Amino acid sequence: QVQLVESGGGLVQAGGSLRLSCRASGSVYTINVMAWYRQAPGNQRELVAAINNGCITNYADSVKGRFTISRNNAQKSVYLQMSSLKPGYTANYFCYADITPRDTLVRRDYWGQGTQVTVSP
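Residues numbered from 1 in each chain as written. Predicted model: local features only at pLDDT ≥ 70, side-chain atom pairs only at ≥ 80, totals over all residues. Heavy atoms only, no water.

Peer 1: What's the story with the packing of aromatic side chains in this structure? I'm lost.
Peer 2: The geometry of an aromatic ring pair comes down to the distance between the two centres and the angle between the two planes. With the rule as written, the count across this model stands at four aromatic pairs. Both rings, one in Tyr 37 and one in Trp 111, keep their centres 5.0 Å apart while their planes meet at 65°; by these two values the pair is edge-to-face. Here Tyr 37 is found in strand 4 (residues 28-39), whereas its partner Trp 111 is found in strand 10 (residues 108-111), with 74 residues between them in sequence. The class of Trp 111 is partly exposed, set by a relative accessible area of 37%. Between Phe 67 and Tyr 89, the ring centres sit 5.1 Å apart and the planes meet at 65°, which makes this aromatic pair edge-to-face. (Phe/Tyr/Trp six-rings, centres within 6.5 Å; stacked < 30°, edge-to-face > 60°. Helix = DSSP H or I, 4+ residues; strand = E, 2+ residues; numbered from the N terminus. Buried < 20%, exposed > 50% of the residue type's maximum accessible area, 1.4 Å probe, protein only.)

Written as structure tokens, this is what we have:
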């Protein structure tokens, strides 16, 4: 069974940096788009950054120039390098991937469990 496992969240001071990682476990046939979303208390989940299997990226305006998304297809992983962090970026960050599992060959959306990022003033 395919799962997404995230790591790398934590507490950081404003202006600091964090790197989030997410790896797909299980038997994967293909991975299409991979992305990071975030959700702050009382807010809807929003797209932070996305990358397709051609490594074309897309960013939310609020993080352009501060965050970099990348992927390693051999490792079935996606990363989010976050720099110049602001308190307003505090949220639970979720990994997303559009995956076709090898056992079902049914393409569907997968979500990680979320990793908390807290930026202190």
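Peer 1: Sorry, what's going on with unusual backbone geometry here?
Peer 2: The general pattern is negative phi for most residues beyond glycine and trans for most peptide bonds. Despite not being glycine, Cys 55 shows a phi value in the positive range, around 65°. Structurally, Cys 55 can be placed in the loop between strand 5 (46-51) and strand 6 (57-59). Residue Cys 55 is classed as partly exposed on the basis of its relative accessible area of 46%. Residues other than glycine seldom take positive phi values, yet Lys 76 does so here, at roughly 55°.

Peer 1: Explain the nonpolar core here, please?
Peer 2: One finds Trp 36, Phe 67, Leu 80, Met 82, Tyr 93 and Ile 99 to be the most contacted residues of the largest nonpolar core, which totals 33 residues. Contributions of two or more residues to this core are made by strand 3 (18-25), strand 4, strand 5, strand 7 (67-72), strand 8 (77-82), strand 9 (91-101) and strand 11 (115-120). Ranked by residues supplied to this core, first place goes to strand 9 with five residues. Apart from residues lying up to four places away in sequence, Tyr 93 is in contact with Glu 6, Leu 20, Trp 36, Tyr 37, Arg 38, Val 48, Phe 67, Leu 80, Met 82, Gly 114, Thr 115 and Val 117. (Core = buried A, V, L, I, M, F, W, Y, C linked by side-chain atoms within 4.5 Å. Contact = heavy atoms within 4.5 Å.)

Peer 1: Before we go on, may I ask you to explain the state of the cysteines in this structure?
Peer 2: Covalent bonding between the sulfur atoms of two cysteines is what defines a disulfide. Here the structure, examined in full by the defined rule, presents one disulfide. A sulfur-sulfur separation of 2.1 Å characterises the disulfide bridge that pairs Cys 22 with Cys 95. Of note, the bridge from Cys 22 to Cys 95 carries an S-S torsion of about -80° and is left-handed in sense. Pair noted here: Cys 22 is in strand 3 and Cys 95 is in strand 9, with a separation of 73 residues, a long-range link. (Disulfide = S-S within 2.5 Å.)

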